[in-house]
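Examination of the molecular architecture
In case you want the letters, here they are:
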Amino acid sequence: MSEQRRNQRFELKLPIELVRAGGEGVLQVGETRNLSSGGVLFMSEGKLQKGDPIEYLVTLPSTGADPGLRLRCMGKVVRVENRSEPFSIAATLERHEFVRR
């Protein structure tokens, strides 16, 4: 049986930072496992709960002299697998904007 998802997932390992509402201060850091236009799966040491609102910054790879872009996203936690640390956390991507570093 093959998986049928709404959005194509891209296996990307990129730095991710969870931030307080309004982008004030980093709460946790981690690394993405995959990313789609509808959400992200990432690994992090900090524990979140299903349903928690979340704001996160994904650092996109830089090219040449360009210091790179970050993708600021807002969503909610939809799954937490806490069998061991780091935790595997899935979150939606409901709104986003690109920001320069």
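Residues numbered from 1 in each chain as written. Predicted model: local features only at pLDDT ≥ 70, side-chain atom pairs only at ≥ 80, totals over all residues. Heavy atoms only, no water.

**Structural notes on the side chain of S44**
The condition that has to hold: Only DSSP runs of H or I covering at least 4 residues are called helices, and only runs of E covering at least 2 are called strands; the numbering of each starts at the N terminus. Per-residue accessibility, obtained with a 1.4 Å probe over protein chains only, is compared with the maximum for each type, and a residue is labelled buried under 20%, exposed over 50%, and partly exposed between these values. Pairs of N or O atoms are called polar contacts if they sit within 3.5 Å, as long as, within protein, a hydrogen donor faces a hydrogen acceptor (for residues adjacent in sequence, only side-chain-to-side-chain pairs). Note on contacts: a residue pair is in contact if any heavy atoms of the two residues lie within 4.5 Å.
On the secondary structure map, S44 appears in strand β3 (residues 39-44). Residue classification places S44 among the buried residues on the basis of a relative accessible area of 2%. For S44, the side chain forms a polar contact with the side chain of Q28, separated by 2.7 Å. Residues in contact with S44, not counting those within four places in the same chain, are Q28, V29, P86, F87 and I89.

**Focus on the nonpolar core**
What counts is decided by this rule: Buried residues of nine kinds, namely Ala, Val, Leu, Ile, Met, Phe, Trp, Tyr and Cys, make up a nonpolar core once their side-chain atoms join them within 4.5 Å.
By size, the foremost hydrophobic cluster in this structure holds 17 residues, and its most contacted members are I16, V40, F42, L48, I54 and Y56. Counting only elements with at least two residues in this core, the list comes to β1 (15-19), β3, β4 (53-59), β5 (69-81) and β6 (87-92). Discounting residues that sit within four places of it in the chain, F42 has contacts with I16, L18, E31, T32, R33, L48, I54, F87, S88 and I89.

**Overview of the pairing of β6**
So the rule is basically this: Here the rule is simple: two strands pair whenever DSSP picks up at least two bridges between them.
In terms of burial, β6 is a largely internal element, six of the six residues being buried. Burial along β6 is two-sided: the face carrying F87, I89 and A91 and the face carrying S88, A90 and T92 are both buried. Judged from the six bridges that link them, β3 and β6 form a sheet pairing that is antiparallel. Looking at β6, one finds that V40 is bridged to A91. Where β5 and β6 come together, four bridges link them in antiparallel fashion. Residue pairing across strands places R79 opposite A90, the latter belonging to β6. Between β5 and β6, which pair antiparallel and follow one another directly, the connecting turn spans five residues.

**Some words on the pattern of salt bridges**
Applied cut-off: Take a side-chain nitrogen of Lys or Arg and a carboxyl oxygen of Asp or Glu: if they are within 4 Å of each other, that pair is a salt bridge.
Summed over all chains, the structure comprises five salt bridges. Residue R79 pairs with E81 through a salt bridge whose shortest N-O separation is 3.2 Å. With relative accessibility at 35%, the residue R79 sits in the partly exposed group. Under the relative-accessibility criterion, E81 is labelled partly exposed at 28%.

That is the geometry; function is a separate question.
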